[in-house]
Amino acid sequence: MATNPLSEIRSGRAAKAMTLRSLGLNPYPSRSKRTHYNKTIFDDFAAHEGKVVTVAGRLMSWRKQGALAFAHLQDQTGKLQLFLRRNLVQPTDAATGRLGYAETNLLDIGDIIEATGKVIKTERGEISVLVEELRLLTKAIRPLPDQWAGLKDREQVLRKRYLDTILEPASFDRFGKICKMVAAIRAFLNQRGFLEFTTPIIQPQYGGGTAKPFKTHVNALGCDMYLAISHELYLKRLIVAGYDKVYTLGRYFRNEGIDRSHHPEFSMVETMTAYENYEYNMNLIEDLFRHVAVTVFGKTTFTVRSHEIDFGKPWRRVSMAEAVKEKTGVDFRECGTVEEANQRLAGLNIQENQPSIGEALVKAFEVTVEQGLIQPTLVFGHPIEISPLAKPMAEDSRFVERFEIFIAGMECGDNWSEQNDPVNLLETWRKAYRAEERDAGKFHTLDFDFIEALEYGLPPTTGIGPGIERMVMIFTGQENIDDVIFFPMMRPTISPLNAAIYGVQESSVAPVEDLALSVDDFESLCKEGVIQPFARNLIVKPHVRLWSGTTPAGKSRASGHVEIEGFFSNSVLQLAGYKVVFEERLPEDEEKQKVLDLVNASLVKFLREKFPQCHVTVSPATVMRQSC
RNA sequence: GGGUUGGUAGCUCAGCUGGUAGAGCAGUGCCCUUUUAAGGCAUUGGUCCAGGGUUCGAGUCCCUGCCAACCCA
C-alpha cells in the first residue's frame, strides 16, 4: 500500500479507533441519546440554563488548555460550544461507552461525538455544555479540509458536496431550502385539489418535447426504451382517465449540453388541469411562485442577477408578437411570406434564415426581447409552427394558447392549452415529423398509443411545467445550476491519492475505452472517415514484448501492440499487431528497434499521410520482458 | 466552438530575470484551569497535472494534451 501524507493521517486515525477498541469502546456504536438540538439551547438559554442536556454532532474545533478544553459541536441546526474540565468529565467506562478526559486525545476534528452536561455560560459569556459524559459516535478517519479557508477547489465542491455543506453554512442552508421549496410546491398543488401521480421514467417513446433522449435497454422485454424527456403525454392520459387536476414532480432527462443553466438530469413540476385553458395557468403559476416565496422565504422580493424582482405584484402579460414589435418596431403578424419574415429578421441584424414566419418571430424574440425580461413576465401567443401540442387561438390560428415565463432574462417554464383534437394533432405531428430528425432527437416520435388515448376524448386541458432548478436558482440567488443540484453530473474519476489508498488502477474507474483493432481495420476505418482524430497531436506509443530464453530460429521472439492517443477524448485507441519473426536471435535492443521500425514504416507513415493536419509523435517504447 | 486564467503538502496559497521546494491551517510530540481560527516550543509531510522539448540545470521558458473556473458565441 502506497504511503502518502493523507494515508498516514488516515492510518493514524484508524489506529486511534483500534486503541479505543482496546479500551472496550466501540468507535462506531449504533445510536445516540441526544435530547436537544444545538439551536434549541442557543435560542432559549434561559429555559435551559443549569439543565442537563445531551447534544450530538460533528466535532469542529478543539482547544485544549491543560485541564480545560473547549470544543465546538456542529449539528443540523448549528454550532454549540462544549466546555470540558478534567475533574468533571466522567472517566472512561466500557459499559456506557464513556470517554474520559485523558482519552480525548483519541478524538479528532471531524469525529461525530455526543456530550452530556449542564447548560452554562462561560466567563466570556458563550453558551456551552459543561461536559460530564462524552461519547464517540463515529470515528472519522479522513481529515476535513481547512475549515477557515473552506473548500475552494470548485471541482471538489461539486464532487464532494458533503464537505461543502459541512464547512459552508450557506451551502447547507441552501440545499435545505430547496427541499422546503419542493415541499411547498407539493403543498400548494395538493391544497388546490391536484393529485400527484407517478409517471414512467423509462418510456418506450420519448414524447412531449424536443430533446435528445438517453437510451436504455429493458432486458425483460428485450427492447430499447428511453429515459423521460417529458412526462406530459402520461399526464394527459391521466386526464383522459378521468382525473381533472393532476401533476407529477419528477425527473427529466435530456442528453444534451451542460452549461450553467442546463443539466442533463433535472426536475420539473408538471401539472394538467382539465376544463381550463392557459389563462387559468397564468394565475396558477403566479400564485405558485408567491406561495413558495412567502412560505419558504417569508418575502416576495428577491435579488436575481443583481435585479430586484418582486413576486408580490401581478406579472406582466404580453404576446410574443407584441413584445417583439414593442422592442423593435417590427410586426411579424404583418408578414405574408417566409421571405418577407426573413427580410425583417435581416433588418434586425439576424442573418440566419428561418424556415417559417413563426420561427422567424421566435428567433427575433429570442435575440431582441428575451434577455430584457427582468420582472416576471408571461409571454403568450407562440407561433403554431413551434407548438405542435398546443391549441390554436380562436382569434388567430397562426398562434397558439401558450405562454412562457421569463424572470431576470431566464426562461422559467412553458405552458399551454393542450391540443385535444386527435385528427388535428396527428396531422400536425405528421407534418412536423421528419424521420431523419428523429434519431437526432430534434423531434419526438409519432406516438400512436397517445393519439389513440386522445381519440377517446381529452377534455379541454392546460398544463404548466416550471423547472424546479430554475425556480430554485431564482429564489436562492444562484447563477449556476450546479449550485442547486446537490450531486451534479461529473465525469467519473478517481484521484491518484485515492487510487493509491485503495490500491486500484486509475484507469479502471476512468471511462477509458481501449479499442483493440487490427492495424488493417484501423487503416480502413480511417480511410472511410469512420474514425477521425480528436486532437491535433497524435501520440503513438509502441509496447514491445520480448521473450527471453532460447527460441528456435524462425520463431517469433517479439510482438507488439500500439496505443494511439488523440483519437478519442479521455481514451486510448489500442491497435493489436506487429508480430516480428526473427530468423536468428538478436540483441534485445535490435529486436526492439525492429518493432519500432515496423511501426514507423507503416503506422506513423499512414497517420502522417492520412492526417497531415496532425502532429504525429512516437513515444519511447515500453518494453516488457517475459520468459518463454 | 472561441478567448482568458489557473492546476505546487490533506486544505488555502506563496515561489521574481531558470540555480537546494516555502508559509498558514490540519497532523505528530511537549507545556498550559476560561478559550473563541487560543497561545508557546519542537516536528513530520511533495510523482510541483501529464508527456515531450530547450538548457550544464526547469515548479519557473517553449510545444502538445488532460482537468477546472470565468467570459463570449
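Residues numbered from 1 in each chain as written. Chains lettered and ligands numbered in written order. Predicted model: local features only at pLDDT ≥ 70, side-chain atom pairs only at ≥ 80, totals over all residues. Heavy atoms only, no water.

### So, the overall build of chain A
Here is step 1: Of the regular secondary structure elements, chain A holds 18 helices and 24 strands.
Here is step 2: For chain A, contacts bridging at least 24 residues in sequence account for 64% of all contacts bridging at least 6.
Here is step 3: Entry remark: accessible area of chain A is about 30,900 Å², with carbon and sulfur atoms responsible for 51%. (Helix = DSSP H or I, 4+ residues; strand = E, 2+ residues; numbered from the N terminus. Contact = heavy atoms within 4.5 Å. Areas by Shrake-Rupley, 256 points an atom, 1.4 Å probe, with all protein chains shown as cover.)

### Focus on the pairing of strand β11 (residues 265-274)
Here is step 1: Where burial is concerned, most of β11 is hidden: nine out of the ten residues are buried.
Here is step 2: Bridge analysis of strand β10 (residues 245-253) against β11 gives nine bridges, and the strand direction is antiparallel. The partner of Lys-245 across the bridge, within β11, is Thr-273.
Here is step 3: Looking at chain direction, β11 and strand β18 (residues 461-463) are connected through two bridges and run antiparallel. Looking at the pairing, Thr-273 lines up with Thr-462 of β18. (Buried < 20%, exposed > 50% of the residue type's maximum accessible area, 1.4 Å probe, protein only. Pairing = 2+ DSSP bridges.)

### What about the packing of aromatic side chains?
Here is step 1: With the rule as written, the count across this model stands at 18 aromatic pairs.
Here is step 2: Centroid distance Phe-197 to Tyr-243: 4.9 Å. Interplanar angle 55°. Geometry classified as tilted. Separated by 46 residues along the polypeptide, Phe-197 in the loop between β6 (195-196) and β7 (202-203) and Tyr-243 in the loop between α7 (232-240) and β10 bring together distant segments of the chain.
Here is step 3: A relative accessible area of 21% means that Phe-197 is categorised as partly exposed.
Here is step 4: Take Tyr-243: its relative accessible area is 35%, and that puts it in the partly exposed class.
Here is step 5: Measuring from centroid to centroid gives 5.2 Å for Phe-311 and Phe-475, while their planes differ by 40°, and the two rings are tilted. Note that Phe-311 is positioned in the loop between β13 (307-310) and β14 (316-319) and Phe-475 in helix α15 (residues 468-476), a separation of 164 residues in sequence.
Here is step 6: The class for Phe-311 is buried, based on a relative accessible area of 0%.
Here is step 7: Over the aromatic face of Tyr-234 sits the side chain of Arg-237, whose NZ or CZ is 4.8 Å from the ring centroid. (Phe/Tyr/Trp six-rings, centres within 6.5 Å; stacked < 30°, edge-to-face > 60°. Lys NZ or Arg CZ within 6 Å of the ring centre and 35° of its normal.)

### A look at empty space enclosed by the protein
Here is step 1: This model, assessed by the stated rule, comprises one cavity of 30 Å³ or more.
Here is step 2: Volume-wise, the largest cavity comes out at about 40 Å³.
Here is step 3: As for the largest cavity, its lining consists of Gln-203, Gln-205, Gly-207, Ser-230, Leu-233, Tyr-234, Arg-237 and Asp-447.
Here is step 4: Element by element, the count of residues in the lining of the largest cavity is highest for α7, at three residues.
Here is step 5: Residue composition of the lining of the largest cavity, by class: two nonpolar, four polar and two charged. (1 Å grid on protein atoms, 1.4 Å probe; cavity = no way out; pocket = protein on both sides within 12 Å on 5 of 7 lines; lining within 4 Å. Points joined across faces, edges and corners; volume = space filled by probe spheres on them. Nonpolar A, V, L, I, M, F, W, Y, C, P; charged D, E, K, R; others polar.)

### Examining the sheet that holds strand β2 (residues 68-75)
Here is step 1: The mixed closed barrel is built from five strands, whose spatial order is β1-β2-β3-β5-β4. Ignoring which end each strand starts from, the neighbouring axes of this sheet average 50° apart.
Here is step 2: Pairing between strand β1 (residues 52-65) and β2: seven bridges, direction antiparallel. Counted as the bridge partner of Leu-59 is Leu-73 from β2. (Axes fitted to C-alpha atoms, helices over the stretch in contact; angles between N-to-C directions.)

### Looking at helix α9 (residues 320-328)
Here is step 1: Within the sequence span of α9, burial applies to Met-320, Ala-321, Ala-323 and Val-324. Summarising the axial view, the buried residues of α9 lie within an arc of 165°, below the 170-degree limit, and thus occupy one face.
Here is step 2: In this fold, the buried residues of α9 make contact with β14, α11 (357-369), β15 (377-383) and β16 (399-407).
Here is step 3: Trailing α9 by a residue or two, Gly-329 shows a phi angle of about 85°, which is positive. (Arc of directions from axis to C-beta.)

### Digging into the sheet that holds strand β17 (residues 410-417)
Here is step 1: With mixed pairing, the eight strands of this open sheet are ordered in space as β6-β10-β11-β18-β17-β16-β15-β14. Each of the sheet's edge strands pairs with one partner strand only, and the pair in question is β6 and β14.
Here is step 2: Examined bridge by bridge, β14 and β15 share four bridges and lie parallel to one another. Its bridge partner lying in β15, Arg-316 is registered against Thr-377.

### Points about the side chain of Ser-417
Here is step 1: Here Ser-417 lies in strand β17.
Here is step 2: A distance of 2.6 Å separates the side chain of Ser-417 from the side chain of Glu-401, its partner in a polar contact.
Here is step 3: In this view, Ser-417 contacts Asn-277, Tyr-278, Leu-389, Ala-390, Lys-391, Glu-401, Thr-461 and Thr-462; residues no more than four positions away in its chain are not counted. (Polar contact = N/O pair within 3.5 Å; in protein donor to acceptor, adjacent residues only side chain to side chain.)

### Describing the confidence of the model for chain A
Atomic detail in the predicted coordinates should be set aside for any region of low pLDDT.
Here is step 1: In the predicted model, chain A carries a mean pLDDT of 83, and 82% of its residues have values of at least 70.
Here is step 2: For chain A, the element scoring lowest by mean pLDDT is helix α13 (residues 435-438), at 52; β6 scores highest, at 97.
Here is step 3: The low-confidence segment residues 507-514, where pLDDT is below 50, has 14 contacts with residues more than four positions distant or belonging to other chains.
Here is step 4: On the interface metric, ipTM, the complex scores 0.87, and its pTM is 0.78. (pLDDT = per-residue confidence, 0-100.)

### Focus on the nonpolar core
Here is step 1: Membership of the largest hydrophobic core comes to 68 residues, with the highest contact counts inside it found for Phe-332, Ile-407 and Phe-475.
Here is step 2: Residues within four places of Ile-407 in sequence aside, it is in contact with Phe-289, Ile-309, Phe-311, Trp-315, Leu-373, Ile-374, Pro-376, Cys-412 and Ile-474.
Here is step 3: Formed by 26 residues, the second largest nonpolar core is a distinct cluster that contains Leu-20, Ala-69, Ala-71 and Val-129. (Core = buried A, V, L, I, M, F, W, Y, C linked by side-chain atoms within 4.5 Å.)

### So, the pattern of salt bridges
Here is step 1: Tallying each qualifying case throughout the model produces 31 salt bridges.
Here is step 2: We note a salt bridge from Lys-236 to Glu-418, for which the minimum N-O separation is 2.6 Å. Of this pair, Lys-236 sits in helix α7 while Glu-418 is found in the loop between β17 and α12 (422-432), placing the two residues 182 residues apart along the sequence. Side by side, Lys-236 and Glu-418 carry an identical accessibility label, which is buried. (Salt bridge = Lys/Arg side-chain N within 4 Å of Asp/Glu carboxyl O.)

### Re the packing of helix α6 (residues 169-191) against helix α8 (residues 278-297)
Here is step 1: Where α6 contacts α8, the two axes come as close as 9 Å, and the packing angle between them is 135°. Judged by the angle between their axes, α6 and α8 are oblique. Considering the relative orientation of α6 and α8, their crossing is right-handed. Between α6 and α8, the residues in contact are Lys-177, Lys-180, Met-181, Ala-184, Ile-185 and Phe-188 and Leu-284, Asp-287, Leu-288, His-291, Val-292, Thr-295, Val-296 and Phe-297, respectively.
Here is step 2: Along the lines of polarity and charge, the residues of the contact of α6 with α8 split into nine nonpolar, two polar and three charged. (Parallel < 35°, antiparallel > 145°, perpendicular 65-115°, else oblique. Left-handed = near helix turned anticlockwise from the far one by under 90°.)

### A short note on the environment of Leu-284
Here is step 1: Relative to the helices and strands, Leu-284 is located in helix α8.
Here is step 2: For the pair formed by Leu-284 and Ala-67, sequence separation is 217 residues and the distance between their alpha carbons is 63 Å.

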